[in-house]
Structures are given as structure tokens and as C-alpha cells.
Amino acid sequence: MSEQPPTPAPKPAGAPEPEPIRFFGTTWVDRDNGYWLRRVGVSIGALAATAAAALVLRFGVEGVALSDNGGFLNGLLTAAIAVCSMMSVRRTWKVLTEGKDQLTGWMAEDRSLGAVWLIGGAGSLAAYFARSLVEAPGEGVKRAAHERAVERYGKRRTGRSGRPGAKRRR
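Presented here is an overview of the structure given in this document. Please read these numbers as outputs of a predicted model, since none were measured by experiment.

It is worth spelling out the overall build of the chain at this point. What the chain contains, in helices and strands, is five helices and zero strands. For the chain, the sequential pattern of α-helices and β-strands runs α-α-α-α-α. Here the chain holds 170 residues, and 25% of them are scored as buried. Nonlocal contacts in the chain, meaning residues at least 24 apart in sequence, comprise 65% of its contacts between residues at least 6 apart.

In C-alpha cells form, the structure reads like this:
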């Protein structure tokens, strides 16, 4: 006979549910059901996507270099890509470690800085790769929010012990 894993106890009605994370669903809560395999897959995928994005940027820079517009333009283009990548890395890291609601100032701009985020996409993917080596990207933010929700739920449940509608005896 094979041993069956124990089935988890059903959650009471109204208990907080964890938010799913892309590629991980809710496996990040207990780190089960292929969580570690997914972490490896996400890391490899992010690294491959970073390499592909860097290759595309390289082709773009080489295309401008072939046009013989001068060294100044080539340097300016390289500097622009570097600055956009650094901005993208910083923003992505902040989103993955603190949450999107913590973005302020220029980092909160999605539409007006869309071109910057597109050009800096390789840097953003590199930050995603680096974060996936530590945890599922965004796991820390979701875990903290889930733990706060569970704690609030526990406090509400313990505050309702007994019969709240019953009259007190004197």
C-alpha cells in the first residue's frame, strides 16, 4: 500500500486566501507542489530572456554604428541604454521587494516613461533573474500581506468567543 499525503484541513469561511504569483500560483505559501522546480525554471527563463534582450540591444547599437554617424552618437546611444537599464533595474527591484503600491515619483510613471522601461527591459529582466535566486519574485510582499491578513482574521475570530448576542447575567 502506498502512503497518501495528509489532506489539508478545510479553511473556515471568511479565512484570507493568498494571492497567486505569476508562474507559481499559491504554491509559494507552503513551498510545495513543484515550487522549487518552478523557481529553477523561472530563473533559467529570466536569464535566457535577459540574454535575448541584450542581444537585441546589441544589434540595435551595431546598426547605428554601421551608419557611420560618428563616435559621439554611438556613445550617446550606449549611455542612454545604460541609464534606461539602471532605472529599470531599480524600479523592478523595488516592485519585487516592496510592492507596486510603494512606488513614488518617477518610478510610479507607467505611461510617460514607457519607452524608458522598454529600452531598459534587459535590466528589468536581470533584476527579475536576481530576485528569483532569492525567492519567487514578489513572494516577500505577498507573504507579508498574507500574514497580516491571517493575523487580523485570527484577532477577529478570537474576539468573538462565546455568544456575542447573549445577555450578561448579573
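Further notes follow.
For helix α5 (residues 139-158), which comprises 20 residues, the first-to-last C-alpha distance of 28 Å matches the rise-based estimate of 28 Å (1.5 Å per residue) to within 8%. Where α5 is concerned, the buried positions are E139, H146, A149 and Y153. Looking straight down α5, one finds its buried side chains confined to an arc of 100 degrees; they lie on one side. When the buried face of α5 is taken as reference, the exposed residues oriented beyond 90 degrees from it are K155 and T158. Where the residues of α5 are buried, they touch α1 (35-66).

This part takes up the pattern of salt bridges. This structure, assessed with the given rule, holds nine salt bridges. Ionic pairing is found between E19 and K142, a salt bridge with its closest N-O pair at 3.1 Å. In this pair, E19 sits in the segment before α1 while K142 sits in helix α5, placing the two residues 123 residues apart along the sequence. Across the salt bridge formed by R91 and D110, the nearest N and O atoms sit 2.5 Å from each other. Highlighted residues: R91 in helix α2 (residues 71-98) and D110 in the loop between α2 and α3 (114-119), separated in sequence by 19 residues.

This brings us to a nonpolar patch on the surface. Taken together, the side chains of F72, L73 and L76 present a nonpolar region at the surface, about 320 Å² in accessible area. Structurally, the position occupied by L76 is in helix α2. We classify L76 as partly exposed; its relative accessible area is 46%.

Positive phi, normally seen in glycine, also occurs at F23, with a value near 75 degrees. Among the structural elements, F23 can be located in the segment before α1. Residue F23 is classed as exposed on the basis of its relative accessible area of 54%. Within the chain, D68 stands out as a residue other than glycine whose phi angle is a positive 55 degrees. Looking at where D68 falls in the secondary structure, it is placed in the loop between α1 and α2. A relative accessible area of 69% places D68 in the exposed class.

What counts, and at which threshold
Residues numbered from 1 in each chain as written. Predicted model: local features only at pLDDT ≥ 70, side-chain atom pairs only at ≥ 80, totals over all residues. Heavy atoms only, no water. Helix = DSSP H or I, 4+ residues; strand = E, 2+ residues; numbered from the N terminus. Buried < 20%, exposed > 50% of the residue type's maximum accessible area, 1.4 Å probe, protein only. Contact = heavy atoms within 4.5 Å. Expected span 1.5 Å × (residues − 1). Arc of directions from axis to C-beta. Salt bridge = Lys/Arg side-chain N within 4 Å of Asp/Glu carboxyl O. Patch = residues over 30% accessible without salt bridge, like charges linked within 9 Å, V, L, I, M, F, W, Y side chains within 5 Å. Areas by Shrake-Rupley, 256 points an atom, 1.4 Å probe, with all protein chains shown as cover.

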